[in-house]
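Commentary on secondary and tertiary structure
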Amino acid sequence: MSLNPFVWDRPLADPADVVGMDSFAEEVALTLKARTNVAIFGARNTGKSSFLTKLTQELERSHGDGAEAHVVVRIDLKRALSLAAFISAVHEAMISHPARAVRERAREQIGLLEKEVGFDIRLVKANMRTRSHQPAPEEVLYAQLSSLARLGDRVTVMMDEFQRLHRCPGEPLAILGSALMGHRSGHVSLVFTGSIREYMEMLLSDSREPIFNQAVHLQLPPIERHELALHLEHRFRDTSSPIDEQALQHLLDLTASHPQRTQQLAWSCWPRPQGGRVVTLSDVQSAWQSLLSQPLSDVSIIEETLANGAESEANERKALYLLADHRGERLSSASLATQYGLGSHTAAQAAMPRLRRRGLVEQRDGRWQIVDPLLADWLHRNSPFSP
Ligand SMILES: Nc1ncnc2c1ncn2[C@@H]1O[C@H](COP(=O)(O)OP(=O)(O)OP(=O)(O)O)[C@@H](O)[C@H]1O
Ligand SMILES: [Mg+2]
């Protein structure tokens, strides 16, 4: 019996499933091994967390003299909206480290740490005020992060969803910097991932933090279409549901090789429940139709915030429809500006950076495009401006 091989609703956990990131992973690993911190940003659902899985594999292998294997600690900051939650995320990363030897060292470090602060760390992370002499969370976090440096001779600490710290009160960046970027942690490299939108906000408000000055900033590269095609073809075939060539090409046309949408569409047209027949063009078409008919969270955001907002926001909405209807062409056309009710022929262009800050559009090869191909198609089909 075969099972649906596609995953689209969570980060990929197996590096073998991560398509097209081999050379970028090697580049980033070598940068980290040369003790340069790296910040990687990319739009939502484009594979930042999945990339960390591939990067971990690359860091854990030796690249020869001076670039030996690293111990990798991966911290998920999704819920780190307070120092207590940050502490909890670091604790989780330590006690559930996938390598047993590292896990044991981590437990040892936690024991030492608890002795040092005179407190059971689980109580801090639960934010419990059971004893009057509870140590300050700043102190615990500092000690805890410092202990990560003692987990190996060469260590990389990954902070996924780093931008969440922007909303965490209590100077988490300063604590992080002093614990892991000082002279005692010269053997520790840091990698941050986040969405560009919030990352940029953070950068603007905290531009003096050494964390930002001492990291190279890299954009997650797109996956090459032919690599994705090959991967999908194998996955379909290996689960006794081969996809025909025309269907495969149409699938990738629809999703424009967007990582998550491609996997979601492949997942949706895989013959449930157990495969066993050829996937055709009409399977792909009807799966896409059914995705389009589901509620899209982005659409309500756009319709509510942009449509009812100030004039500049109303322009953002119109510019987004123009982009969807004309696939990034003729953004500065005077006749289209009139058709879409934009004040001038420069208004659509001017709205692009604002839409990028919302995480909705990006510029590829000098051309603006909507990040999410499903949203783009939805907007085009429902455009109130299209003739
Ligand atoms: N390199 C890849 N190869 C194949 N599929 C991928 C790749 N990267 C991401 N995906 C697909 O995209 C989905 C989302 O990936 P992931 O969660 O890593 O993105 P993200 O950028 O971390 O998202 P978020 O912004 O929500 O944190 C995965 O479930 C997977 O289906
Ligand atoms: Mg992620």
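What you are looking at is a predicted structure, and each value in this text was computed from that prediction instead of being measured.

Below, the discussion takes up the overall build of the chain. Summing up its helical and strand segments, the chain has 18 helices and seven strands in all. Computed over C-alpha atoms, the radius of gyration of the chain comes to 24 Å, within 12% of the 21 Å expected from 2.2 N^0.38 for 387 residues, which places it in the range of a compact globule. Seen along its three principal axes, the alpha-carbon backbone of the chain occupies a region of about 70 × 55 × 45 Å. A burial count over the chain gives 38% of its 387 residues as buried. Partitioning the contacts of the chain with sequence separation of at least 6, the portion at a separation of at least 24 is 72%.

Okay, the site of ligand 1 next. Taken together, 22 residues lie around ligand 1, and Val-19, Gly-47, Ser-49, Ser-50 and Gln-263 are the ones closest in. Residue assignment for the shell around ligand 1 shows that the elements contributing at least two residues are α2 (48-59) and α12 (259-269). Two domains each provide a minimum of three residues to the shell around ligand 1, namely domain 1 (21-219) and domain 2 (225-292).

So, about the sheet that holds strand β2 (residues 71-76). Judged by pairing direction, the sheet is parallel, and its five strands sit side by side in the order β2-β3-β4-β1-β5 without closing on themselves. Both outer strands of the open sheet, β2 and β5 (215-219), are each paired with one neighbouring strand and no more. Strand after strand, the sheet turns through a mean of 20° between neighbouring axes, direction not considered. Both strand β1 (residues 37-41) and strand β4 (residues 188-194) contribute to a ladder of four bridges, which runs parallel.

As a further point, take the nonpolar core. Val-73, Ile-75 and Val-157 are the most contacted members of the largest nonpolar core, which has 69 residues in total. Here the element with the most residues in this core is helix α3 (residues 83-95); it accounts for eight residues. Domain assignment of the residues forming this core places at least three in each of domain 1 (21-219) and domain 2 (225-292). Here Ile-75 is in contact with Ala-89, Val-90, Ala-93, Val-157, Met-158, Met-159 and Asp-160, once residues within four sequence places are set aside. Listed in part, the 27 residues of the second largest apolar core include Leu-306, Ile-370, Leu-374 and Leu-379.

Tracing the chain through its elements places Lys-78 in the loop between β2 and α3. For the pair Lys-78 and Met-159, spaced 81 residues apart in sequence, the C-alpha to C-alpha distance is 9.7 Å. Discounting residues that sit within four places of it in the chain, Lys-78 has contacts with Glu-161 and Arg-164.

With that out of the way, let us pick up the environment of Ala-89. Relative to the assigned elements, Ala-89 resides in helix α3. The spacing of Ala-89 and Leu-77 is 12 residues in sequence and 6.4 Å in space, taken between C-alpha atoms. If we skip the residues at most four places from it in the chain, Ala-89 touches Ile-75, Asp-76, Leu-77, Arg-79 and Ala-80.

Attention shifts here to the packing of helix α11 (residues 245-255) against helix α13 (residues 281-292). When two helices pack together, their arrangement is given by the angle between the helix axes and by the axis-to-axis distance. Running from N to C, α11 and α13 cross one another at 25°; their axes reach a closest spacing of 8 Å. In terms of orientation, α11 and α13 fall into the roughly parallel class. Where α11 abuts α13, its residues Gln-246, Ala-247, His-250, Leu-251 and Leu-254 lie against Leu-281, Asp-283, Val-284 and Trp-288. Split into classes, the residues belonging to the contact of α11 with α13 amount to six nonpolar, two polar and one charged.

What follows covers the pairing of β4. Taking burial as the measure, the seven residues of β4 include seven buried ones, the bulk of the element. Of the two faces of β4, the one carrying Val-188, Leu-190, Phe-192 and Gly-194 and the one carrying Ser-189, Val-191 and Thr-193 are both buried. Note that strand β3 (residues 155-160) and β4 share five bridges and pair parallel. Bridge pairing links Val-155 to Val-188 in β4. Handedness of the crossover is the feature at issue here: the chain leaves β3, passes through helix α7 (residues 172-180), returns alongside β4, and the resulting connection is right-handed.

What follows is about the packing of helix α15 (residues 311-326) against helix α17 (residues 347-357). Running from amino to carboxyl end, α15 crosses α17 at an angle of 100°, the nearest separation of the two axes being 9 Å. By the angle class used here, α15 and α17 are roughly perpendicular. Contacts from Asn-315, Glu-316, Ala-319, Leu-320 and Leu-322 of α15 reach α17 at Ala-347, Ala-348, Ala-351, Met-352, Arg-354 and Leu-355. Split into classes, the residues belonging to the contact of α15 with α17 amount to eight nonpolar, one polar and two charged.

Before going further, it helps to examine the environment of Leu-281. Of note, Leu-281 is situated in helix α13. On the basis of neighbour counts, which here come to 17 C-beta atoms within 10 Å, the residue Leu-281 falls in the partly exposed class. Along the backbone, Leu-281 and Leu-251 are 30 residues apart, and their C-alpha atoms lie at a distance of 8.3 Å. If we skip the residues at most four places from it in the chain, Leu-281 touches Gln-246, Ala-247 and His-250.

Cut-off values and rules
Residues numbered from 1 in each chain as written. Chains lettered and ligands numbered in written order. Predicted model: local features only at pLDDT ≥ 70, side-chain atom pairs only at ≥ 80, totals over all residues. Helix = DSSP H or I, 4+ residues; strand = E, 2+ residues; numbered from the N terminus. Rg over C-alpha atoms; globule rule 2.2 N^0.38 Å. Buried ≥ 20, exposed ≤ 12 C-beta atoms within 10 Å, placed from the backbone. Contact = placed C-beta atoms within 7 Å. Near = placed C-beta within 6 Å. Domains from an automatic or database assignment. Pairing = 2+ DSSP bridges. Axes fitted to C-alpha atoms, helices over the stretch in contact; angles between N-to-C directions. Core = buried A, V, L, I, M, F, W, Y, C linked by C-beta atoms within 7 Å. Parallel < 35°, antiparallel > 145°, perpendicular 65-115°, else oblique. Nonpolar A, V, L, I, M, F, W, Y, C, P; charged D, E, K, R; others polar. Right-handed = clockwise from strand over helix to strand, strands pointing away.

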